[in-house]
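Residue-level listing of the chains:
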Amino acid sequence: MRHLLLSVSLAALLVAGCGENRGGEAGGAVEAASIDKGRVTPEDLKAAVSDERVKAFYAKRGWQPVWTEELAQSLEPAFAEAERHAINPAAYRKLASDGATPAEREAGLTRAVLDYAGALAGGIVDPAKIYEVYEVPRPKVDHLAAGFAGAVESGGVPAWLAGLAPSDPEYRALSDAYLSYRRSAASAKPVTPIEFGGKIEKGDRDPRVPLIVEALRANGYYQPAPPPAADAKQKQPPKAAARPSDLYTAELASAVSKLQQDYGIKPDGIIGDDTIEALSIGPADRARILAVNLERRRWLERTPPQTRIDVNTAAAFLTYWRDGAQAHQARVVVGQPDWETPELGSPITRLVANPPWTVPESIAEEEILPKGAAYMAKENIVMKNGRLVQEPGPKSALGLVKFDMANKHQIYLHDTPAKALFASNERHASHGCSRVEDAVGFARMLAADQGLTEDFEEGLASGKETGIDLKQKIPVRLLYHSAYWDGSRILFRTDPYGWDDKLAEALGLGKQVRRRIRQKVDDIGP
């Protein structure tokens, strides 16, 4: 395993903090009393090293030690910065302070630095080991040993470590929000789960309202006005505590609408199951969600292509970046649970006007063939070479344009005749591909950017399947980011695929991040 998997409890991470526990073997500051370069021989060091990266590091140095007391002590402020990244440094501190001999201590310090550097530069866990598919380009981390060697020579190990994590504005905003929610979680009461049920509208009475108030207050959306101060001259007997009101007031509805905005829910103040799901996420859970999403961003290459398309499958929207600037954003419909849109890095190679749809065999057998020949005739579905094919036309599940992508998973972007889905806040309804709002308009934009407008318009007008090869492939990243920065504030989304839960467990943050509602989707499209 390339990096340490840190198994820490959420309570330890959120309450004690990543850099605040100074007692005990695992959490104490780096102890450097046993460091003695003069007593570390190449033979002793070879015997003390088992990690292959550490072996390679020392082999290039002729098995000469590097650690001094001053250099070892410089690690402590570097480890203290780990909390900003939602990383618990306890295991790294332990490695750095362990060792019965000077040679073992030397090897442990180097292993601690390389492990911590790897966590900052590429993440704590390997996403390809916890997800069935993860093929997004990742940062290269094979340079870390050479970078550490250079930092040792220049005396700048802490500065080198500080430059390994992402430094873009979104990562910094998520980090700041993580620290804020972690502080709130340290003093907040756990949010009591609220039962799903019927809708609650302004003026309704419902026994869940007191819990809704509690959840709004815990997350900073609602602060009721304090009661008027009592007259000190008038002595009145103490009153019994008033029973919490079950009235859903206009003031509460306004607070709920703010929460709904942050979760991508229609901000109408009406409480349904999707809003109950969001209300059940307290400060501790938000800190954990942010920790999970900080890890995801450490998986990403630091300098992605300046022209690219990013699809956030958790939030169901697409962003087109042209020469480093946002050129377009649109809603998308992505895979439903059990038909998840995988996390891929895959380029668009061509536009296809009037595409037919070759139906995947699983969809054909489970969802189309059982409906019979009359249904297939109505939907313009025919059998060709042993496969069901939906012919081009207004009913085609691919709409009027397909954005062909080069990957082995048959995942691509496309148009759809089911336009009403784009108005929904919950847009996880496809069989894995990504349907694009105003796909024809977006295709026209891409065609114009590459001088292919005439070719695309001719193909579209023909009514026949027409492929238009792009002059430059456009990289696409399909990403699952359940917390993100919109340029002004942090927004949260639900966890429709349960992938936050899976990553949180791998990070040692517990199995269940939050409850999820599952919606049944009746849609044959890809």
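One can find the structure itself at the top, above this paragraph.
Residues numbered from 1 in each chain as written. Predicted model: local features only at pLDDT ≥ 70, side-chain atom pairs only at ≥ 80, totals over all residues. Heavy atoms only, no water.

Attention now goes to the environment of P224. Among the structural elements, P224 can be located in the loop between helix 13 (209-218) and helix 14 (250-262). Looking at P224, the relative accessible area reads 26%, which means it is partly exposed. With 28 residues separating them along the chain, P224 and L252 place their C-alpha atoms 9.4 Å apart. (Helix = DSSP H or I, 4+ residues; strand = E, 2+ residues; numbered from the N terminus. Buried < 20%, exposed > 50% of the residue type's maximum accessible area, 1.4 Å probe, protein only.)

Take the sheet that holds strand 9 (residues 387-390) next. Here three strands make up an open sheet; going across it, the order is 7-9-8 and the pairing antiparallel. The strands lining the two open edges of the sheet, one partner per strand, are strand 7 (357-358) and strand 8 (381-384). In the sheet, strand 7 pairs with strand 9 via two bridges, with the strands oriented antiparallel. Considered in strand 9, the bridge of T358 is made with V389. (Pairing = 2+ DSSP bridges.)

Two elements in contact, helix 8 (residues 102-122) and helix 10 (residues 144-154), have axes whose closest approach is 10 Å; the angle formed by their N-to-C orientations is 120°. Taken together, the axes of helix 8 and helix 10 are oblique relative to one another. Relative to helix 10, the crossing made by helix 8 is right-handed. When helix 8 is examined against helix 10, the residues T110, V113, L114, A117, G118 and A121 are found in contact with a partner set consisting of L144, A145 and F148. By residue class, the composition of the contact of helix 8 with helix 10 is seven nonpolar, two polar and no charged. (Axes fitted to C-alpha atoms, helices over the stretch in contact; angles between N-to-C directions. Parallel < 35°, antiparallel > 145°, perpendicular 65-115°, else oblique. Left-handed = near helix turned anticlockwise from the far one by under 90°. Contact = heavy atoms within 4.5 Å. Nonpolar A, V, L, I, M, F, W, Y, C, P; charged D, E, K, R; others polar.)

Given a rise of 1.5 Å per residue, 21 residues ought to cover 30 Å, and the 30 Å separating the end C-alpha atoms of helix 8 matches this to within 8%. Counting buried residues along helix 8, 19 of its 21 residues qualify, which places the element largely inside the surrounding structure. Phi turns positive, to about 105°, at G123, one or two residues after helix 8. (Expected span 1.5 Å × (residues − 1).)

A separate point is the environment of D274. Structurally, the position occupied by D274 is in helix 15 (residues 273-279). Separated by 152 residues in the primary sequence, D274 and E426 place their C-alpha atoms 8.9 Å from one another.

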